[in-house]
Amino acid sequence: DGSAIEFFTEIEKTGVKTQSAPTKYIRVLKEVRYEEGDKYAVLKPSAIPTFRFDLDFDAPAIGEQTFEAALVNGYYKHDIASARTFCTLDTVDAMRARGLALGGSLENAVVVNGDEVMNPEGFRFENECARHKTLDAIGDLYLAGGPLLAAYEGEKSSHDLNNKLLHALFADDSAWE
């Protein structure tokens, strides 16, 4: 459905086994920032993974949204994993022309047209779009090779910008361990 909840549910059904090997974390030691114009992503030292995402869309149905969470106590499952991907109706043709969103539909994405949410059920959360961008950021940062002990802040960030943030982090040996 354009979220991660189905994957999460299947993993829960299969079960998780505790392993004896310690988890290797990547600890952020100092602030690292990457920005392009009015978009940015930041990593700061933190004892637990936290995320804050702010977005601002021209489409009134989305508008300005904020979401903030710490990845503790099942918060991911209940408040992040079920947030669906989204787009504006006027971008659908352009995405498909680039070979993207070819399987996209109202069953696996939230589509907005101006101030209207085209999905009959509407949003799952008032700030579902900011929650989904948080979901994206969690996945993007996990590509670092392990969980980050950091506080992430994103403003209009994207997969590409998050990837560039990781490159900036790893380019500075004094910024992580």
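Look up a bit, the structure's there.
Structure report, in brief. (Residues numbered from 1 in each chain as written. Predicted model: local features only at pLDDT ≥ 70, side-chain atom pairs only at ≥ 80, totals over all residues. Heavy atoms only, no water.)

Attention shifts here to a nonpolar patch on the surface. Taken together, the side chains of Leu89, Leu106 and Met118 define a hydrophobic patch exposed on the protein surface, amounting to about 220 Å² of accessible area. The residue Leu89 is located in the loop between β6 (86-88) and α3 (92-97) in this model. (Patch = residues over 30% accessible without salt bridge, like charges linked within 9 Å, V, L, I, M, F, W, Y side chains within 5 Å. Areas by Shrake-Rupley, 256 points an atom, 1.4 Å probe, with all protein chains shown as cover. Salt bridge = Lys/Arg side-chain N within 4 Å of Asp/Glu carboxyl O. Helix = DSSP H or I, 4+ residues; strand = E, 2+ residues; numbered from the N terminus.)

With that settled, the discussion passes to the pattern of salt bridges. In the structure shown here, the tally under the stated rule is 14 salt bridges. Between Glu12 and Lys77 there is a salt bridge, with its nearest N and O atoms 3.2 Å apart. Note that Glu12 is positioned in helix α1 (residues 5-14) and Lys77 in helix α2 (residues 75-79), a separation of 65 residues in sequence. A relative accessible area of 41% places Glu12 in the partly exposed class. The partly exposed category is assigned to Lys77, whose relative accessible area is 29%. Here Glu68 and Arg52 are joined by a salt bridge, their closest N and O atoms 3.1 Å apart. Placement of Glu68 in strand β5 (residues 64-70) and of Arg52 in strand β4 (residues 50-56) is noted, with a sequence separation of 16 residues between them. Within the structure, one salt-bridge network assembled from shared partners comprises Glu36, Asp160 and Lys164. (Buried < 20%, exposed > 50% of the residue type's maximum accessible area, 1.4 Å probe, protein only.)

This part covers the packing of aromatic side chains. All chains considered together, the criterion is met by five aromatic pairs. Aromatic side chains Phe8 and Tyr76 sit 5.8 Å apart centroid to centroid with 45° between the ring planes, which places their arrangement in the tilted category. Taken together, the residues Phe8 in helix α1 and Tyr76 in helix α2 connect sequence positions 68 residues apart. By relative accessible area, Phe8 is classed as partly exposed at 24%. By relative accessible area, which is 23% here, Tyr76 ends up partly exposed. Seen in terms of ring centroids, Phe170 and Trp176 are 4.9 Å apart; in terms of plane orientation they differ by 85°. Their pairing is edge-to-face. The ring of Tyr40 has Arg33 lying over it, and the distance from NZ or CZ to the ring centre is 4.1 Å. Above the face of the Phe125 ring, Arg131 is positioned so that its terminal group lies 4.0 Å from the ring centre. (Phe/Tyr/Trp six-rings, centres within 6.5 Å; stacked < 30°, edge-to-face > 60°. Lys NZ or Arg CZ within 6 Å of the ring centre and 35° of its normal.)

Structurally, Ser82 can be placed in the loop between α2 and β6. Overall, Ser82 belongs to the buried group, its relative accessible area being 13%. Leaving out residues up to four positions away in the same chain, Ser82 has contacts with Ser3, Ile5, Arg124, Phe125 and Glu128. (Contact = heavy atoms within 4.5 Å.)

What follows deals with the nonpolar core. One finds Leu43, Leu55, Leu141, Leu148, Tyr152 and Leu169 to be the most contacted residues of the largest nonpolar core, which totals 34 residues. Sorting the residues of this core by element identifies β3 (39-45), β4, β5, β7 (110-113), α4 (128-142), β9 (148-155) and α5 (159-171) as the ones contributing at least two each. The leading source of residues in this core is α4, at six residues. Not counting residues within four places of it along the chain, the set of residues in contact with Tyr152 comprises Ala41, Val42, Leu43, Thr50, Phe51, Arg52, Phe53, Ala137, Leu141, Ser157, Asn162 and Leu165. (Core = buried A, V, L, I, M, F, W, Y, C linked by side-chain atoms within 4.5 Å.)

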